Every structure is written in C-alpha cells, then in structure tokens.
Amino acid sequence: MRLAPPLALAALAALAALAALAGAAPLDPAGAYFERHCMECHDDETAKGGLSLEALDAAAVAGADLEGWRMVRDAIRHGEMPPADEPQPGAAETGAVLAWLREGFVAGQWPGALANPKFEEAAFGNYIDHDALFGERRDRVYPSPPRLWRVRPDIYQTVVPRLGERIGGLANGLSYAGGSDFKDYSTAYFIDEASVAPLLGNAKRVAGALVGEHGKDRALRELGGEGAIGAEAVGEAVGEAVEAAFRRVLGRAPTEAEAVAHAALFESASAAGGRAVGARTMVAAVLMHPEFLFRSELGEGVPDVFGRVRLAPREIVFALSFALADAPVADFFAAAERGGLADSAGVAAAVRRQLEGERRDLGKNPRLLAFFREYFGYTAATEVFKDAPPGGEHDPARLVADLEMTLCEIVLEDREVLRRLLTTREFYVDTSYGRKAQADELVRRGGEKRDMYHTAFSLPRDWRWSAHLQPVRFPEGDRAGVLTHPAWLAAWSGNFDNHPVQRGRWVRTHLLGGAVPDVPIGVDARVPEHEGVSFRERLRGATEAAECWRCHRDMDPLGVAFERYDHYGRYQVLDAAQPVDASARVDRTPEAALHREFSGPAEMMDFLAGQEYVEQVFTRHAFRFFLGRNETPGDANALQDAHRAYREAGGSFMALVVSLLSSDSFLLRAAPESSNTKEP
C-alpha cells in the first residue's frame, strides 16, 4: 500500500472501504496523518525498524497485517512516534487515527466474523479490545457459533475407569498443548490418527471388562458370556445390550438408527469371531462414539429474533458439569429433569448450590483450584530444577502445598478474593493442604520441625512454629500476595537465576491485559554472567538494543520489582554485593491512571490490587477458563455482568463464576446460517 506523495488512489480507496465497513469517520485524516508524520521513515525504501507502511494493507488491520498495525497503534498511543525531534501531531489528529485503528481491530473481532485465527488462540486473548468489552453496554449478547469440544484428558481419565470394575492402566490418548496459557480451549484440540490408536485400545479393554463375567450390566454380561441364548431370544438380547451400552457410556438410550447400526455391527463381528467378540466390538464402538469423546454445544429449538439458539438441556448439563468438575454432576441432571435449567435464573441457582456444597473444601472441586493453578502458574515450581541453597532447603512441592493452603483459605472465605490474593501478608509455612483447623491439628500432632525448609521464606534458621503461628504474618513490605510467595517466584525463575522477563510478562498479560510477542527464533535470550554486577544491571545490558527493548520495555520494568527476592524466593537486600534496586514502573497500558513508579513489589501489588481495570482483566481470564475460548465484543454484556456480580458481592469469586455460567454467552449459540453473530 503506497502512502507516499502523491497518495495512491488505490490506497485511499482501501482505507475508505475499511472505514465504511467499520463505521468509522472518513479516512482522509488518517491517510494524511501517515503521510505527514510516518512515511519519510516508514516507506518501502527506508522501513526503519523493519516497518513499512506501504507493505501494510489497510483492509487487513485485524487480518494478515494485524501485527504490523498493532505496532503502529502502540507507537502512536504511547507517544513514541513521531520521534520527539519531529513535528508533533495535535491531540485531535492523534485521537482520530487511533480511533480509526481501533475500529479496524474491533471490526475483525466479532464472533462469526473473526478476521484472524489468532483471536481464537489462548495466547492472544488480550488482543481483543478491552474497551469493546467494558466501555459500553450492548443491546444483547452476540454468542459464539456452535462448537464441538474435545473432552480434556482429566474428564476422560475420570469417566472411563468408572464405567466398569478393575479397569486401570489406560493409555493416554488425549493430551494438553504446552505453554503457560489456559489449557482446555475448544479450538486447540482435535483427534488425529495418533490419538485414535490408544483410544481404540482403551475402548477394547473397557469393552472387555463390561461384557466379562464381572461386568456391572446383566445385558452386556450375558451377551458376551458363554451361556446359551436361544435363537429366538438373540435379537432381544442384542437390543437390550445395545441400550445398556449406550446408557452406561453416554447416559442415554440409542436412537433408532443407532440401535440398528450397532446391532448390525454385533452380528457382523460375532459371525466372524463369536458372540463375545461381537459384544466387545459393539461396546467398543459406543466408547469411540463422537459424543463420548467430544462435548457437543450445538443448541436446539427455534432461533430467537436475533438468530440465537439455546443449548439443549442435556448440553447444558454437560457444559455445567465439565466447567466445574471432571465428570457429569448428578445434581445438574436432576435439575434438568425437573425443568430447573430452563432459564438463566435456574442455571444460576443450580451452579450456586453446587458451589455452596463444595465451599468447605476447595480440594473437592478440581476445576476451581485448576483455575488458580493455571492463572498464576505457580505449580511450575516443581518443574524448575534447583540445587539446594547453602544452609537451606528447596522443596518446591512443599512450597506449592503451602501456597495452595493460603490460596484456598482466601477463595473459600470468598471475600475480596483478587485483592487479598495479590496483597496478603499471611502465608502458611510448612503445613499440608487443607482447611486451617485441619492444618492446626496437623501441626499439633506433628511436633517440632527441625529441617531448614522455612528458610525459603527468609525466616530465621532457629525459627520454630506452632498452631497459633499459622498462618505466619510477614512484615509490611516483606511479602505481598501470591506473586511474592516462594512457589510463584521459583516457578517464574531459571535454574540458577531470577527471571524478571517472565515475571514481568506475567504481570503485563495477567494483570494489565497486555500482550508480548514470543522470543524471536534464533535470539539468544540468555543474560551474560558478570561477576560483581547485579542481575538487574546485567539484564539491562542484554536488552538495551533497540530491537530487543521494543518488547522488553513491556516486561522488564515490571519484572525487576521481584529482584527483591532471589530465585529461591528468599528476601534479599544485596545482589552481587550491591543494594537491591527493586523499583518498578507501570506504563504503556490503555489506562493512564495506572501509570506510576513503585519502590518495590509490595507497593506495586497494593496499588494494582485496588484497580477496577485489573479486576476486569481478571474477569476476562476467568471467562476464558470456564468458557474455553477467548472473549469477543459480542460477550461484552456477560463480562460486565460478571464483573458487577463480583464487586456487588464484596469481591466474591463464586459470584463471578455463577454469573459467567448462567450468562447468555455460556447458554446461547448463534444459529447455523445466522448473520446475527456480528453486530450490525
């Protein structure tokens, strides 16, 4: 696209077409802005910083040229371009071009009209425009299209062994993708040839158990057994066995077509190998049914005036069950049978009952705990190998258990959850996961501890604890929330050093809603060793080059706050014999009110924990986890309702979850062939 003088007519036509598509103001001012302030350095010939505006397609702001246009947007938004020694645009001129860019981004982010596949990937959830989600109230929710969602490994490994007795050692036919983002995303997985072989092997093993002599269902046991079945009774026995298999595996009766097909499969297999082989083959086929391996969220019934359909009652049952558990939940089935899931209020009541029943022990709800594990990423501490420090111990499993006890107590109290998780100065030290009363009893029974594990918290070597000292309250400024706990610090560290880049990236993405590219291929990301030089200074030297600082400026000023601790998570005042500089800076966000400097991590956490914007970013992450997809502008009302529910209930995470799982975003889908997934 050529914008150098004279402005190419084709370029202006493309810009005008995009403006018309996005409903933006006429684009002549935007074209004039680029011409006046950008093209001297960013045409094809010059392309400073590797950016040529001539190479960017104005009709692909959210499409193929997304990353380039994001670079342009950020440079303008943060006052980096034009350079300070060049003529500066006025506020109105800058505002106009930023508004044009924003309209282009948002236009490609609507459900059913996504302009870029990145918008569906967990790693790019923060690419969705925050103001489009929380800046205005829309007339309704514009739901996502229908979907099939491969069951996560935890569901498969929980449900399959329960189908029969003595079934163990099943192969792992399903897996999670790597990375530090939420794992159970509906668009991230499929079942390929490599998955089919172990899944089919499992199906054969389970089928053999179900039709064997110890099988739980009489119809299956008799069909696969050695006892005689009269010729006139075989058809009836096969029919009963097919229905028994469907009810045990899928929780429903077969359709007429399914009954006929599976009976025919039995006949074919038994003719070749006998009745037992036929029975096993038929049951194995049910275990390979798409309905068993995928979650169906297609919706049913007549679309409403907006082209939306509600999930079927059975789909709602499984959607709720697998949002909160790794197996179908009987209470949701019961609620559906009595019509209790017919509207959002009924769904909210059923979810609330389920959560209240598990409030006493978060360990009984693996999904709630899994959210915080995946959100904070602290369990990775067990994957970062470290030698024990001199005179101390490093036991990452105990660190994780201690943090989870602190976390669970805060979540179960369900009061100002995010703020307390980010700012608490009270941590359990060297105790087992469970409720406080259980931990205190464990402490009383355990006697005096004599190892040096507690030194991970920078407690004195001769420190001794008892029940009344748990949780330990640390001095103000010493520790402040999960991000200053040794488990989190060790998880986001290297084997031998701190990792302020990873820590800063976490703050940028999980609290500030920003996005940072991955390390470019071929870049040596190691910080060189220099004796007598602090890690902060070594990092600065390694990233100060312009091509590095372009990304590191979004991470390092945040992550260096945690230099207050060493890579084991111990509080430190010296690094390389120099006083530790733990000052930090928040900038480069869409919210100017967040921009300020801090003396250390505790001050930064205290400030961020009280910001509404940070709560909204947290709400977005909860949405992704429980709905298994990225949010879109069509989900704005659901997100706003969830955040409001959280606030009005005094910072209740349970209220936030109830709101999300009873929202139109959760319960509705765009009807096939509907044009109403995108805002008119």
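Structure shown above.
This report concerns the structure included in the present document. (Residues numbered from 1 in each chain as written. Predicted model: local features only at pLDDT ≥ 70, side-chain atom pairs only at ≥ 80, totals over all residues. Heavy atoms only, no water.)

1. Quick word on the pattern of salt bridges
Here is step 1 of the chain: Within the structure shown, the criterion is met by 45 salt bridges.
Here is step 2 of the chain: In this structure, the salt-bridge partner of arginine 508 is aspartate 587, at a minimum N-O distance of 3.9 Å. Residue arginine 508 is located in helix H21 (residues 500-510), and its partner aspartate 587 is located in the loop between strand E8 (584-586) and strand E9 (596-598); the two are separated by 79 residues in the primary sequence. Each member of the pair, arginine 508 as well as aspartate 587, carries the same accessibility label: buried.
Here is step 3 of the chain: Ionic pairing is found between arginine 570 and aspartate 566, a salt bridge with its closest N-O pair at 2.8 Å.
Here is step 4 of the chain: Assessed through its relative accessible area of 12%, aspartate 566 is described here as buried. (Salt bridge = Lys/Arg side-chain N within 4 Å of Asp/Glu carboxyl O. Helix = DSSP H or I, 4+ residues; strand = E, 2+ residues; numbered from the N terminus. Buried < 20%, exposed > 50% of the residue type's maximum accessible area, 1.4 Å probe, protein only.)

2. Comments concerning the environment of glycine 339
Here is step 1 of the chain: Among the secondary structure elements, glycine 339 is positioned in the loop between helix H14 (330-337) and helix H15 (344-357).
Here is step 2 of the chain: In this structure, the C-alpha to C-alpha distance between glycine 339 and proline 313, residues 26 residues apart in sequence, is 8.7 Å.

3. Description of the packing of helix H26 (residues 612-627) against helix H27 (residues 636-648)
Here is step 1 of the chain: At a minimum axis separation of 10 Å, H26 and H27 run at an interaxial angle of 120°. Handedness of the crossing formed by H26 with H27: right-handed. Contacts between H26 and H27 pair Glu612, Glu615, Gln616, Thr619, Arg620 and Phe623 from the former with Leu639, Ala642, His643, Tyr646 and Arg647 from the latter. (Axes fitted to C-alpha atoms, helices over the stretch in contact; angles between N-to-C directions. Left-handed = near helix turned anticlockwise from the far one by under 90°. Contact = heavy atoms within 4.5 Å.)

4. A short note on unusual backbone geometry
Here is step 1 of the chain: Residue proline 82 is reached from methionine 81 by a cis peptide bond, and omega for that bond is -5°.
Here is step 2 of the chain: Tracing the chain through its elements places proline 82 in the loop between helix H3 (66-77) and helix H4 (91-107).
Here is step 3 of the chain: The phi angle at alanine 576 is positive, at roughly 55°, despite the residue not being glycine.
Here is step 4 of the chain: You can see alanine 576 is positioned in the loop between strand E6 (574-575) and strand E7 (578-579).
Here is step 5 of the chain: Backbone geometry places alanine 577, a non-glycine residue, at a positive phi of 65°.
Here is step 6 of the chain: Tracing the chain through its elements places alanine 577 in the loop between E6 and E7.

5. Observations regarding the packing of aromatic side chains
Here is step 1 of the chain: Evaluation of the coordinates by the stated rule reveals 34 aromatic pairs.
Here is step 2 of the chain: On the numbers, 4.9 Å between centres and 75° between planes, the contact of phenylalanine 371 with phenylalanine 372 is edge-to-face. The same class applies to phenylalanine 371 and to phenylalanine 372, which are both buried.
Here is step 3 of the chain: Taken together, a centroid distance of 6.0 Å and an interplanar angle of 80° make the contact between tyrosine 565 and tyrosine 571 edge-to-face.
Here is step 4 of the chain: Look at tyrosine 565 and you get buried, because its relative accessible area is 0%.
Here is step 5 of the chain: Assessed through its relative accessible area of 31%, tyrosine 571 is described here as partly exposed. (Phe/Tyr/Trp six-rings, centres within 6.5 Å; stacked < 30°, edge-to-face > 60°.)

6. Description of the nonpolar core
Here is step 1 of the chain: Formed by 122 residues in total, the largest nonpolar core has its most connected members in Phe376 and Leu483.
Here is step 2 of the chain: Broken down by element, the residue count for this core peaks at nine residues, all from H26.
Here is step 3 of the chain: Beyond its immediate sequence surroundings of up to four residues, phenylalanine 376 is in contact with Leu407, Leu421, Leu422, Val482, Leu483, Trp488, Trp492 and Trp506.
Here is step 4 of the chain: In terms of nonpolar packing, the next biggest core, distinct from the first, is built from 38 residues, Ala237, Phe266, Ala284 and Leu293 among them. (Core = buried A, V, L, I, M, F, W, Y, C linked by side-chain atoms within 4.5 Å.)

7. Section: H4
Here is step 1 of the chain: Between the first and last C-alpha of H4 there are 24 Å, a value that for 17 residues agrees with the 24 Å anticipated at 1.5 Å per step.
Here is step 2 of the chain: Regarding H4, the residues found buried are Thr94, Val97, Trp100, Leu101, Gly104, Phe105, Val106 and Ala107. (Expected span 1.5 Å × (residues − 1).)

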